[in-house]
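Coordinates in review
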Amino acid sequence: MKATVALTILLAFSASQTSHALAIGDEIAHYEAESYQLTEENKRLVNTYLRMFRYYTKRNFSATRTVRVLMSNYPQHVEPILHAAFERYPKSYEHIIKAAINAEPAFTKDIMAVALHTGVAKPAELVRIAVEAEPAYADEIVTEVGRVNPEEVEELVRVAVRVEPEMADSIMQSASASQPEKVEGIVHATLSVLPDFGAYLKSSLSDLINLVTGNDTDSNAITGQREAISVLKGAYRAGMSYEEVQAIADAHGIDKQQLAAAIEVQQ
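Here we summarise the structure given alongside this text. (Residues numbered from 1 in each chain as written. Predicted model: local features only at pLDDT ≥ 70, side-chain atom pairs only at ≥ 80, totals over all residues. Heavy atoms only, no water.)

1. Points about the nonpolar core
Counting 84 residues, the largest nonpolar core has F86, V127, V157, V187 and L205 as its most contacted members. Broken down by element, this core gets its largest block of residues, eight residues, from helix α4 (residues 40-58). Setting aside its immediate chain neighbours within four residues, F86 contacts Y93, I96, I97, V114, A115, T118 and V120. (Core = buried A, V, L, I, M, F, W, Y, C linked by side-chain atoms within 4.5 Å. Buried < 20%, exposed > 50% of the residue type's maximum accessible area, 1.4 Å probe, protein only. Helix = DSSP H or I, 4+ residues; strand = E, 2+ residues; numbered from the N terminus. Contact = heavy atoms within 4.5 Å.)

Below you can see the structure in the form of structure tokens.
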């Protein structure tokens, strides 16, 4: 009770800033790495939460327990809370991220945005931590981190699928939709982690081909065909037999000669 009262008193001065903080999800979930910076209001809140962490530490609260308490009471302050937590406990980043996500899973994107900006760990490590904490958001986590680190999307997919293989289909489709130019590598990364190519995965590949070609018009049909072949090339690289790849291609009316030429390049 005393801790709650103290927290309320210490944060009372920031009431005039709350309308700004409430919009934080829109503000930071889609930040650009090069331009991201704390607002003056949030810089002041970071100092406030640093005092709160010291307050709770004196009362033998662990870093994770403090994060859960603060996030549960002030989820709109996710950015300054995490900045303060990472500053005070830099080596406990994994526990901090998991505690924050467990407390407010709906703020997972925002939590990842702060973790990426502060550079507490490499992107692939952050994906592992976040997917372990909230597997249901695996596809969104990979898409967001991959958007900021597009050159690492294949490794991000591989890590996420390894942690949560049941989300493989959704991860593969979301990442491919976000970065269609890398669909071959994304498919390869997804399937190379999975133990076998069952009917489920073949169906997933068909769904992905429908996704990358579904909005084709006469002007971009060639692009759609090329992306569909990239999907199959990725599957073949991951170990799917040529016969299986050909069967999927036939079902989608993909030219056999084009496919054969593409596959041969990979051999």
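2. Some thoughts on the packing of helix α6 (residues 78-88) against helix α8 (residues 108-118)
At their nearest, the axes of α6 and α8 sit 10 Å apart, and the two run at 40 degrees to each other. When the axes of α6 and α8 are compared, the pair comes out oblique. Remark: the crossing between α6 and α8 carries right-handed chirality. Between α6, through V78, E79, L82, H83 and F86, and α8, the contact on the second element is made entirely by D110, I111, V114, A115, H117 and T118. Tallied by class, residues from the contact of α6 with α8 come to six nonpolar, three polar and two charged. (Axes fitted to C-alpha atoms, helices over the stretch in contact; angles between N-to-C directions. Parallel < 35°, antiparallel > 145°, perpendicular 65-115°, else oblique. Left-handed = near helix turned anticlockwise from the far one by under 90°. Nonpolar A, V, L, I, M, F, W, Y, C, P; charged D, E, K, R; others polar.)

3. As for the packing of α4 against α6
Closest axis-to-axis distance for the α4/α6 pair is 8 Å, and the angle between their directions is 55 degrees. Judged on the interaxial angle alone, α6 and α4 are oblique. α6 is crossed by α4, and the crossing has right-handed handedness. The segment α4 lies against α6, with N42, L45, V46, Y49, L50, F53, R54 and T57 engaging E79, P80, I81, H83, A84, A85, E87 and R88. Taken together, the residues that form the contact of α4 with α6 break down as nine nonpolar, three polar and four charged.

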